[in-house]
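Structural description and commentary
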Amino acid sequence: MSAQRYKWVGTRQNRPDGADKVTGRARFAADFNLPGELVGKVLRSPHAHANIRSIDTTAAARLPGVKAIVTGADFPEQPDQLLPAGEMQVNLRDVTRNIMAKEKALYEGHAVAAVAATTAAVAAEALSLIKVDYEILPHVIDVREAMKDNAPVLHAHMRTEGVKPAPDKPSNIAKRLEFAKGDADAGFAQAEVVIEREFTTEPVHQGYIEPHAALASASEDGQVQLWTTTQGHFQVRGFCCRLLDLETAQLRVTPSEIGGGFGGKTVVYLEPLAIRLSQRAGRPVKMVMSREEVMRASGPTSGGHVKVKLGARKDGSIVAADVTVALQAGAFAGSPVGPSCMCSLACYDIDNIRVVGFDVVSNRPKVAAYRAPGAPISAWAVESVVDMLAQELGIDPIDLRLKNAAKQGTKTHYGASFGVIGLVETLEAAKNSPHYRAPVKPGHARGVAAGFWFNVGADSSAAAQVGEDGTVTIISGNPDIGGSRASLALMAAEELGIDYNKVRPIVADTASIGFNFVTGGSRVTFATGLAVINATRDAISQLKARAAKIWEVDVEGVVWEEGEARPSSTNVGKFEPLSLAKLAASASRTGGPINGHAQLNAQGAGPGFGVHIVDLKVDMDTGIVTIDRYTAVQDVGTAIHPSYVEGQLQGGAVQGIGWALNEEYIYDKQGRLQNPGFLDYRMPVASDLPMIETVLVEVPNPTHPYGVRGVGEVPIIPPMAAIGSAIARATGVRMLDLPMSPPRLSAAIDAATPAMAAE
Amino acid sequence: MMQAEYRAPTSVDEAVGLMAGSGGKGRVLAGGTDLLVQMRAGMQVPGLIVDVKRIAEMTSIVQQDGDWRIGAAVSGAEIHDHAGLRAAWPGVVEAINLIGSKQVQGRASAGGNLCNASPAADSVPALVAAGAVATVQGPNGRRAVPVEQIPAGPGRTSLAPGEIVVSLTLPARPKGSGDAYLRLIPRTEMDIAVVGCGVNLTLSGHNCVAARVALGAVAPTVLLVEAAAKALIGSTLDPASLEAAAAACRAACKPIDDKRGTIVYRTKIAGVLLKRAVAIAAQRAGKH
Ligand SMILES: Cc1cc2nc3c(=O)[nH]c(=O)nc-3n(C[C@H](O)[C@H](O)[C@H](O)COP(=O)(O)OP(=O)(O)OC[C@H]3O[C@@H](n4cnc5c(N)ncnc54)[C@H](O)[C@@H]3O)c2cc1C
């Protein structure tokens, strides 16, 4: 393992934010307060789909203590223009309508007005005094219903993109896309076994513990400060500036510690409202969502409908694949159907592939990113069918995957060819894991599935500031969700050759460091890590120059080793090494402060592959599934901080287990969400789970100095199919619809075994 | 939050007086694990809160002539720690201890669980199966009410204005008795019963000589299923009798389809839990 190659990289140090978090000192967004702040609250649509004829705020405005009221009219119209937001694309015309409805309410919970008042009670009363005249419209929740010709249309201007000839009628299908490699029909003609099934998934929420919250303070001179919980404060700045016509230099955004995001905090909800209310009221405005608002109004990931057809030869080689993915985008176009299509078959080297995708709007909250957006949905379907092939052909499911595994040079159906990847190594590690080698316990069954995610690079900035005593502050601009500060500090300590505890990493606000793309795409340790390494190297080159100056030698004659400047050879001369502390102390005499900087657009993110193994038991009378043992195996490139890499694998697996077994949005006939809280939106609790075992496979990414690959997203991809496959092997029933909740599984078992149903 | 007056009387008489004088705006506060949650959600807006945790009779557990009298406000944690009660009524104790988490157990009471009148309340089917009797005091004095008569519908009780539940009495029962409570939840903790089933049996040798069966979460109130008890009494708890009792449970169900379960599923599970709870109760009865 890497621990032997490096002094700090690969070791398990305390995280720099740990003490503050376990003592309660850490400040999350709702912990920020300013003198004279007002409470902001949002009025939300009780209807799934309605025209807004008028909004009358006069009575609310007259209530003593109400300082500002805003509606859709307070936000300027935006162009029909796509912008990247984390791993998703958003349209500004839609974003402004999502934060505050204009002509239509498009889902229950859609914001229609907001007030700022002196107390929460006054704000709540003001909301009740706002009169909205709605014309209720027929609504549609389900993705397949929304695709039908006679479905209620959400957006009269929407025409399906990617269809020829261009349609002249509005539709809820925003886009059709297609990927092809080889000739799928010819491939199926060669197949000896063909399996085809249709699968569905429900939308699932990221379930971050910390609800959205923001505090905005607008000054009379046009400057604005904002404190918020986000995965990307530069993105927040960008969105707010466009939505509110501000210049980026006027808006300073400070991210709080973040209580989870998982992709869901890459967009804005409260921030533009808090700023506008603060501008109108002339006082700071704080807004905090309730859990119910989080569930009703923030974006989960899509639910989907996926059709998979795989053709194989009797020896197990998969010769053709045909996949159709239809994903719910929520109320506005822009589901992760692209990545869903691309990831669907990326684990396999198949000659003949056709993948078609549809992006579909319906009367639900606009989806947001969630760990590996889209990939788990198509993988649930494809991996289930791969398992069925393994059963049909009598081949071990890992062996079947090994036979077809993508390798270096494999060309994917979306065009890219893989560089150095570790799927084969990961499958072999899974096969050799203690879990897979152990026999399956009586009454239990085992399932296996694989998953792929691209991982991304993108823009990062970082600085390394050498303090007067030689300790170093590492400044970057990515909110730390999974321990990234620790990983960045480890790489900086490794470069500098000084103790990890002499390096302190911080997350700076938008005015204190250059642009950083969101914490998303599993990019921070890779891309921002690269910026930190380069910034640290910049500082080191300055340190060497200072030593050269002191010694009066050429800078080429100085090397940096073990935290000190040393002469590169005896030819240079005999000098006592100069430690970082000594060079720092004399900095002002040798040329001034020593600060390293770097900014870059990181290319060459290393794709990640994971293989999960689950053993479980099914109570045949109740349909309750008990997970007995679970192992996540993944190519992690190099585990900079193994504990936090393991934490990512465990967390992803657990979220996947919830997705597989219980999580779903339940709507009534009026399109109103029935389970907007953690009691009835059933994420797993600790007692539902065994310790999630992990196996870290390290196939270094050659484009990164330490071989880093993103690790945070892959682990949510395999769990659903691994669990579904284990259930199929335990019960003889192949579940096609998520979640595999007790009532559904029980009904499926009863349908398959009529004798039990009669009991 | 809203304003409410808070009082913590030290006698039942005083508590009843406060409640009776509150003009219908008074609410009893036991552990508060329902009341405070409902107040925060704006579902309850009391003008007066009467905290009953300082009243000795309502916070003690007493054994008398084989009867067990549990103060209505005794917390789940105290009940858990009472070895004598646990040995005598393991089913009732396990039902109360299923409520919420460790933290909730430190506050939640059986009286609160009963008076909150949720059809899914965990302790109620076990109390009904046990034949528990509530001591109720109001402006017109005390009365004894079988537990199954307290809930009147979701969130409603049969208590008259000003009345409070003082204690719950578990009646003495013969040797060879055992009880059990099982609930089905989709997760292992922190969930609300999709179905709950309480069973209380007395065995003489292999014969079942007395039985009470109660179901939760399958109707607007917890149900005492006399037909299921009848199928068990006089039998040796053989498969045919168990199936007859399970069928009686299924027939008694009048559930709804909601976010917590379907009609089909709840009905099926009522039968499944009956059989499993009988097995546990019978095993416990055999040990006594
Ligand atoms: C996190 C959590 C998990 C939970 N899990 C469960 C669970 O698994 N199973 C379950 O059944 N419940 C559960 N509950 C609900 C609740 O904890 C129980 O119903 C509990 O028994 C209520 O008892 P309490 O003493 O807290 O009642 P309180 O909240 O004090 O009172 C409940 C209601 O009864 C009234 N009341 C209380 N005592 C009396 C009395 N002596 N006379 C007249 N009226 C009275 C109150 O005015 C109030 O309306 C859970 C609650 C929470 C917050």
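Residues numbered from 1 in each chain as written. Chains lettered and ligands numbered in written order. Predicted model: local features only at pLDDT ≥ 70, side-chain atom pairs only at ≥ 80, totals over all residues. Heavy atoms only, no water.

1. Considering the interface of chain B and chain A
Our working definition: In this analysis, two residues are considered to be in contact whenever any of their non-hydrogen atoms come within 4.5 Å of each other. By buried area we mean the combined loss of accessible area, with a 1.4 Å probe, across both parts when two parts are placed together. By definition here, a salt bridge exists when the distance from a side-chain nitrogen of Lys or Arg to a carboxyl oxygen of Asp or Glu is within 4 Å. Secondary structure elements follow DSSP: runs of H or I of four or more residues count as helices, runs of E of two or more count as strands, with numbering from the N terminus. The nonpolar class holds Ala, Val, Leu, Ile, Met, Phe, Trp, Tyr, Cys and Pro. Asp, Glu, Lys and Arg form the charged class, and all remaining residues, Gly among them, are polar.
The interface of chain B with chain A comprises 20 residues on the first partner and 24 residues on the second. Interface area, chain B with chain A, both sides summed: about 1900 Å², of which 49% is carbon and sulfur. Area buried by chain B at its contact with chain A is led by B:R187, B:K259 and B:K268, which between them contribute 35% of it. Our count for the contact surface shared by chain B and chain A stands at six salt bridges. Among the salt bridges present, the one from A:D680 reaches B:K259, with a minimum N-O distance of 3.9 Å. Listing elements by their share of the side of chain B that touches chain A, those giving two or more residues are α10 (239–252) and α11 (263–287) of chain B. Considering every element that reaches the side of chain B that touches chain A, the biggest residue donor is α11(B), with six residues. Across the side of chain B that touches chain A, the residue classes break down as eight nonpolar, two polar and ten charged.

2. A short note on the state of the cysteines
Chemically, a disulfide is nothing more than a covalent bond linking the sulfur atoms of two cysteines. Residue and element names in this part refer to chain B. So the rule is basically this: Two cysteine sulfurs form what is called a disulfide whenever their separation falls within 2.5 Å. Three labels apply to residues, based on accessible area from a 1.4 Å probe with only protein chains included: buried if under 20% of the type maximum, exposed if over 50%, partly exposed otherwise in between.
This model, assessed by the stated rule, comprises zero disulfides over all chains. Left unpaired, C249 is separated from the closest cysteine sulfur, that of C197, by 5.3 Å. Exposure remark for C249: the relative accessible area of 0% places this residue in the buried category.

3. Observations concerning the packing of helix α5 (residues 90–97) of chain B against helix α8 (residues 123–130) of chain B
All names here are of chain B. For the record, the criterion: Fitted lines through C-alpha atoms give the axes, limited to the stretch in contact for helices. The angle between two N-to-C directions lies from 0 to 180 degrees. Any angle from 65 to 115 degrees is called roughly perpendicular, while one under 35 is roughly parallel, one over 145 is roughly antiparallel, and all others are oblique. A clockwise turn of the near helix away from the far one marks a right-handed crossing, whereas an anticlockwise turn of less than a right angle marks a left-handed crossing.
Following both chains from N to C, one finds α5 and α8 inclined at 165°, their axes separated by 8 Å at the closest point. When the axis of α5 is compared with that of α8, the two are roughly antiparallel. In the packing of α5 onto α8, the handedness of the crossing is left-handed. Residue-level inspection shows G91, V92, A95 and I96 of α5 in contact with α8, the latter providing S123, A126, L127 and A130.

4. Quick look at the pairing of strand β7 (residues 141–146) of chain B
Residue and element names in this part refer to chain B. For clarity, the threshold we go by: Note on pairing: two strands pair once DSSP finds at least 2 bridges between them.
Where strand β6 (residues 133–138) and β7 come together, six bridges link them in antiparallel fashion. In the strand pairing of β7, T135 is matched with A144. As consecutive antiparallel partners, β6 and β7 are separated by two residues.

5. Some thoughts on empty space enclosed by the protein
Residue and element names in this part refer to chain A. How we decide: Here a cavity is any set of points on a 1 Å grid over the protein atoms alone where a 1.4 Å probe fits but cannot get out, and a pocket is any open set with protein on both sides within 12 Å along at least 5 of 7 lines; a residue lines the site when it has an atom within 4 Å of a point. Grid points are joined across faces, edges and corners, and a volume is the space filled by probe spheres set on the points.
Under the definition given, this model contains four cavities of 30 Å³ or more. Roughly 70 Å³ of internal volume is contained in the second largest cavity. As for the second largest cavity, its lining consists of V42, R44, N98, I99, Y107, G109, A111, Y269, L270, L273, M289 and A297. At the level of elements, β1 (38–44) and α4 (92–99) are the ones that each hand at least two residues to the lining of the second largest cavity.

6. Things to note about the site of the ligand
Residues and elements named next belong to chain B. Our working rule: The near set for a molecule or strand comprises every residue that places at least one heavy atom within 4 Å of it. Distance and chemistry together define a polar contact, namely a pair of N or O atoms within 3.5 Å, with one atom able to donate a hydrogen and the other to accept it when in protein, and with adjacent residues in sequence counting only for side-chain atoms on both sides. Method for areas: the Shrake-Rupley scheme with a 1.4 Å probe, in which residue coverage is limited to the protein chains shown.
Taken together, 29 residues lie near the ligand, and V28, T33, D34, S109 and D122 sit nearest. Contacts to the ligand include V28, whose backbone N or O atom sits 2.6 Å from an oxygen atom. Within the side chain of D34, one N or O atom sits 2.5 Å away from an oxygen atom of the ligand. Burial of the ligand by the protein chains amounts to 87% of its free accessible area of 980 Å². Among the secondary structure elements, those contributing two or more residues to the shell around the ligand are β2 (26–29), α7 (110–115) and β10 (164–170). Its residues assigned to classes, the shell around the ligand shows 16 nonpolar, eight polar and five charged.

7. Focus on the confidence of the model for chain B
Applied cut-off: Each residue carries a pLDDT score, the predictor's confidence in it, ranging from 0 to 100.
Here chain B averages 96 in pLDDT, and 99% of its residues register 70 or above. For this predicted complex, the interface confidence score (ipTM) comes to 0.94, while the overall pTM stands at 0.96.

8. Let's talk about the environment of A:I613
Residues and elements named next belong to chain A. Here I613 shows up in strand β26 (residues 608–618). The class of I613 is buried, set by a relative accessible area of 0%. Distance in space between the C-alpha atoms of I613 and S217 is 50 Å, their sequence separation being 396 residues. Setting aside chain neighbours within four positions, we find I613 in contact with A430, S433, H435, Y436, R446, G447, R629, Y630 and T631.

9. Overview of the layout of surface pockets
All names here are of chain A. In this structure, the second largest pocket occupies an estimated 1100 Å³ of space. Lining of the second largest pocket is provided by 50 residues; of these, F262, R371, I481, G482 and Q648 occupy positions nearest its centre. Of all the secondary-structure elements, those providing two or more residues to the lining of the second largest pocket are α16 (484–496), α17 (524–551) and α20 (642–661). In terms of residue count, α20 provides more of the lining of the second largest pocket than any other element does, seven residues in total. Partitioning the lining of the second largest pocket into residue classes produces 19 nonpolar, 25 polar and six charged.

10. With respect to the domain arrangement of chain B
All names here are of chain B. Stated precisely, the cut-off is as follows: The split into domains, and so the bounds of each, comes from an automatic or database assignment of domains.
If you check the domain split of chain B, you get domain 1 (5–51), domain 2 (57–170) and domain 3 (177–285). Inter-centroid distance (C-alpha atoms) of domain 1 to domain 2 is 18 Å. Counting residues at the interface gives twelve residues for domain 1 and 16 residues for domain 2. Taking both partners together, domain 1 and domain 2 bury about 1000 Å²; carbon and sulfur atoms supply 66% of that area. Viewed at the interface, domain 2 and domain 1 are joined by zero salt bridges. Taken together, the links from domain 1 to domain 2 amount to three residue pairs in polar contact (both at pLDDT 80 or more). Broken down by element, the residue count for the side of domain 1 that touches domain 2 peaks at six residues, all from helix α1 (residues 12–20). Partitioned by chemical class, the residues of the side of domain 1 that touches domain 2 number seven nonpolar, three polar and two charged.

11. Observations concerning the pairing of strand β12 (residues 195–204) of chain B
Residue and element names in this part refer to chain B. Where burial is concerned, most of β12 is hidden: nine out of the ten residues are buried. Both strand β11 (residues 177–184) and β12 contribute to a ladder of eight bridges, which runs antiparallel. Its bridge partner being in β12, L184 is matched across the sheet by V195. Relative to strand β13 (residues 207–216), β12 runs antiparallel, the two being bridged by nine bridges. Residue pairing in the sheet places L203 in a bridge with C208 of β13. Between β12 and β13, which pair antiparallel in sequence order, lie two residues; one of them, G205, sits at a positive phi of approximately 60°.

12. A word on the nonpolar core
Burial of nonpolar side chains together is a common tendency in soluble globular proteins. The test is simple: Within this scheme, the nonpolar core is defined by two criteria: the residues are buried Ala, Val, Leu, Ile, Met, Phe, Trp, Tyr or Cys, and they are joined through side-chain atoms within 4.5 Å.
Counting 98 residues, the largest nonpolar core has A:I723 and A:I727 as its most contacted members. Considering every element that reaches this core, the biggest residue donor is helix α12 (residues 375–393) of chain A, with twelve residues. Sequence-distant contacts of A:I727, defined by excluding residues within four places in its chain, comprise A:L616, A:V618, A:V625, A:L661, A:G732, A:V733, A:M735, A:M740 and A:L745. One finds B:V52, B:V74, B:V92 and B:A95 within the second-largest nonpolar core, a separate group that totals 51 residues.

13. Let's talk about the side chain of A:K286
Residue and element names in this part refer to chain A. Stated precisely, the cut-off is as follows: Positive charges come from Lys and Arg alone, negative charges from Asp and Glu alone, with His and the N- and C-terminal ends not counted.
Counting through the fold element by element, K286 comes out in strand β14 (residues 285–288). E37 is the oppositely charged side chain nearest to the buried, salt-bridge-free K286, at an N-O distance of 4.3 Å. Within polar-contact distance, the side chain of K286 engages the backbone oxygen of A30 at 2.6 Å. In this structure the side chain of K286 is engaged in a polar contact, spanning 3.2 Å, whose partner is the backbone oxygen of F32. Setting aside its immediate chain neighbours within four residues, K286 contacts A30, F32, N33, E37, L38, V39, G40, A214 and L215.

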